Amino acid sequence: MLFKKQRNLDDHYLDSALRGEQKGLEYLVNAYRDMAYTIAVRIVGSHEDAEEVVQDSFLKAFKYLDQFKRASKFSTWLYRIIYNTALTKIGNKNNVTFELEDDNEYVSDEGSALQRLTNSDRKKYLGMAIEKLKKEDQLIITLHYLADKSIAEITEIMDMKSSAIKMRLLRSRKQMYWELKKLLKSEIKEL
């Protein structure tokens, strides 16, 4: 129900933006700028470059808004633009770098040692575990858990097969689990 309500709201403001109304454009920017920035900074690695990527991406999206077919959600279409713009910015897919934002949490296991840690400690350990992942896997984790994107949407954004996305998510979760277990075990010994 919430998803349908959000999609209807997006459609309303998309129509408004297509008519050139400022309220529609403002809504789209306000609704998606934070995740757009998170995706961009994970790829380009610097705050200044990420801000430039986000600005360029919104300009591209608004310029070509009339070409958006609504076959997918607006956010998926926008994140694909951001992804491509960020890759163009760094000039090479193989040199992707990521930065962990302060407010991101990816793993939760109630009753675990992780739950007993303070928020800053959680972020520290999650960041350390995420850094062990391949760069593209870090982005997939971000899109899936922070942006709440489905496998199909991530496939569209990153132009990868769904089987590859599923495998990377599975492998990344397992790797993060083992990295957190190693990190927390040594931390508990030190306490």
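Up top is the structure.
Since this is a predicted model, take the numbers as computed values, not measurements.

Trainee: Sorry, what's going on with helix 2 (residues 22-44) here?
Mentor: Each turn of an α-helix holds 3.6 residues, which means side chains three or four residues apart point in the same direction. Where helix 2 bends most, at Tyr32, the angle is about 50 degrees. A positive backbone phi angle near 85 degrees is found at Gly45, which sits one or two residues after helix 2.

Trainee: Teacher, can you tell me more about the environment of Ile151 here?
Mentor: Its location among the elements puts Ile151 in helix 8 (residues 151-158). Its relative accessible area of 18% is what places Ile151 among the buried residues. Between the alpha carbons of Ile151 and Ser162 there is a distance of 6.2 Å; along the sequence they are eleven residues apart. Once residues lying within four places of it in the same chain are set aside, the contact partners of Ile151 are His144, Ser162, Ile165, Lys166 and Leu169.

Trainee: Before we go on, may I ask you to explain the pattern of salt bridges in this structure?
Mentor: Oppositely charged side chains can form a pair if their charged atoms are brought close together. By the definition in use, this model includes eleven salt bridges. The salt bridge involving Arg70 is made with Asp15; its shortest N-O contact spans 2.7 Å. Here Arg70 is found in the loop between helix 3 (47-63) and helix 4 (74-90), whereas its partner Asp15 is found in helix 1 (residues 2-18), with 55 residues between them in sequence. Each of Glu136, Asp137, Arg168 and Arg171 takes part in a single network of salt bridges with overlapping partners.

Trainee: How should the side chain of Asp137 be read in this particular structure?
Mentor: By secondary structure assignment, the location of Asp137 is in helix 7 (residues 135-146). Setting aside residues up to four positions removed in sequence, Asp137 forms contacts with Arg168, Arg171 and Ser172.

Procedures and definitions
- By convention here, each chain's residues receive numbers from 1 onward along its written sequence.
- For a predicted model such as this one, the threshold for reporting local features is a pLDDT of at least 70, and the threshold for listing and counting side-chain atom pairs is 80 or more; totals across whole chains, interfaces and linings nevertheless cover every residue.
- Excluding hydrogens and water, the side-chain figures rest on all heavy atoms present in the structure.
- Bending is quantified residue by residue as the angle between axes fitted to the seven-residue window ending at that residue and the seven-residue window starting at it.
- The way it works is that DSSP assigns letters per residue, a run of H or I at least four long becomes a helix, a run of E at least two long becomes a strand, and they are numbered from the N terminus.
- Only protein chains enter the accessibility calculation, which uses a 1.4 Å probe. A residue is then buried if its area is under 20% of the maximum for its type, exposed if over 50%, and partly exposed in between.
- What makes two residues a contact is simply this: any of their non-hydrogen atoms within 4.5 Å.
- We count a salt bridge whenever a side-chain nitrogen from Lys or Arg sits within 4 Å of a carboxyl oxygen from Asp or Glu.

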